[in-house]
Amino acid sequence: MVSTQYCLPMNDDETLAMIGRLARIVTHDGHAAGLKPAQWEALRYLARANRFSNTPGALTAYLGATKGTVSQTLMALERAGLVRKSADAADRRSVRLELTAAGAALLPQDETLRFAEALSRMDAAQREALNEGLAALLKARLAADGGRTFGLCRDCRHFRRDMEGAGRHRCALLHVPLSDEDTARICVEQEAA
Ligand code: SF4
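Residues numbered from 1 in each chain as written. Predicted model: local features only at pLDDT ≥ 70, side-chain atom pairs only at ≥ 80, totals over all residues. Heavy atoms only, no water.

A. A look at the packing of helix α2 (residues 37-48) against helix α3 (residues 56-63). It is at 11 Å that the axes of α2 and α3 come closest, and there the two elements cross at 115 degrees. In the crossing of α2 with α3, the sense of the turn from one axis to the other is right-handed. Counted together, E41, A42, Y45 and R48 of α2 and A58, L59, Y62 and L63 of α3 form the full contact between these two elements. Partitioning the contact of α2 with α3 into residue classes produces six nonpolar, no polar and two charged. (Axes fitted to C-alpha atoms, helices over the stretch in contact; angles between N-to-C directions. Helix = DSSP H or I, 4+ residues; strand = E, 2+ residues; numbered from the N terminus. Left-handed = near helix turned anticlockwise from the far one by under 90°. Contact = heavy atoms within 4.5 Å. Nonpolar A, V, L, I, M, F, W, Y, C, P; charged D, E, K, R; others polar.)

Printed below as a string of structure tokens:
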């Protein structure tokens, strides 16, 4: 067996080990309420995605999974009454996804919220540094595979803030108005500013 430990600089081997342990915890927690980890991932995604990103294709890109796997996941969630599919009002060939009331009601049972409890015990500077570090790591790792970052709308280079504070922001890419709520959602088209 080849050890990577001796070719990694500084504490990177320890960082990789921690990423692996965190991933195992998230996978383990993904069996809450009788669901599978991929099904929880889809519910979390739909709870955060903006109106341009609530499609099977965007979910597939976000999960980095195959179309077939995502299709199976969505069918299971539909059968359980947690997700609803509908035709796009503007393009009837496109499918839009949304959480049902039951799907939204399940979110507080997400076991990964225990990470939020742990984060709340860290000070603000630690949390900010962690957020920035994880964002940089994720971006670099996704870039290696040509993946999209799905960052927050308010951090996008196409985001134009309403400087008068009236919440009438704009997207310079899609040429649509954005509300304050939109700014805190993730987007398939997001490009970091
Ligand atoms: S500003 Fe960026 S993240 Fe927001 S809707 Fe437009 S492309 Fe998406």
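B. Highlighting the side chain of T73. Counting through the fold element by element, T73 comes out in helix α4 (residues 67-79). With sequence-adjacent residues up to four places away left out, T73 is seen in contact with A38, Q39 and A42.

C. Molecular detail of the sheet that holds strand β5 (residues 176-178). Pairing is antiparallel across the open sheet formed by three strands, whose spatial order is β3-β4-β5. Two strands close off the open sheet at either side, each with one partner strand: β3 (159-160) and β5. As paired elements, strand β4 (residues 169-171) and β5 share three bridges and run antiparallel to each other. Bridge assignment links H169 to a residue of β5, and that residue is L178. (Pairing = 2+ DSSP bridges.)

D. Main features of the packing of aromatic side chains. This model, assessed by the stated rule, comprises three aromatic pairs. An angle of 45 degrees between the planes, with centres 4.6 Å apart, marks the rings of Y45 and Y62 as tilted. Residue Y45 is found in helix α2, and its partner Y62 is found in helix α3; the two are separated by 17 residues along the sequence. Of the residues examined, Y45 reaches a relative accessible area of 1% and is grouped as buried. Residue class for Y62 comes out partly exposed when judged on its relative accessible area of 31%. Measuring from ring centre to ring centre gives 5.8 Å for Y45 and F150, while their planes differ by 75 degrees; the resulting arrangement is edge-to-face. Separated by 105 residues along the polypeptide, Y45 in helix α2 and F150 in the loop between α7 (124-144) and β3 bring together distant segments of the chain. Just as Y45 is buried, F150 falls in that class too. Pairwise contacts between aromatic rings join Y45, Y62 and F150 into one cluster. (Phe/Tyr/Trp six-rings, centres within 6.5 Å; stacked < 30°, edge-to-face > 60°. Buried < 20%, exposed > 50% of the residue type's maximum accessible area, 1.4 Å probe, protein only.)

Everything listed here is a matter of coordinates, which is why it stays silent on function.
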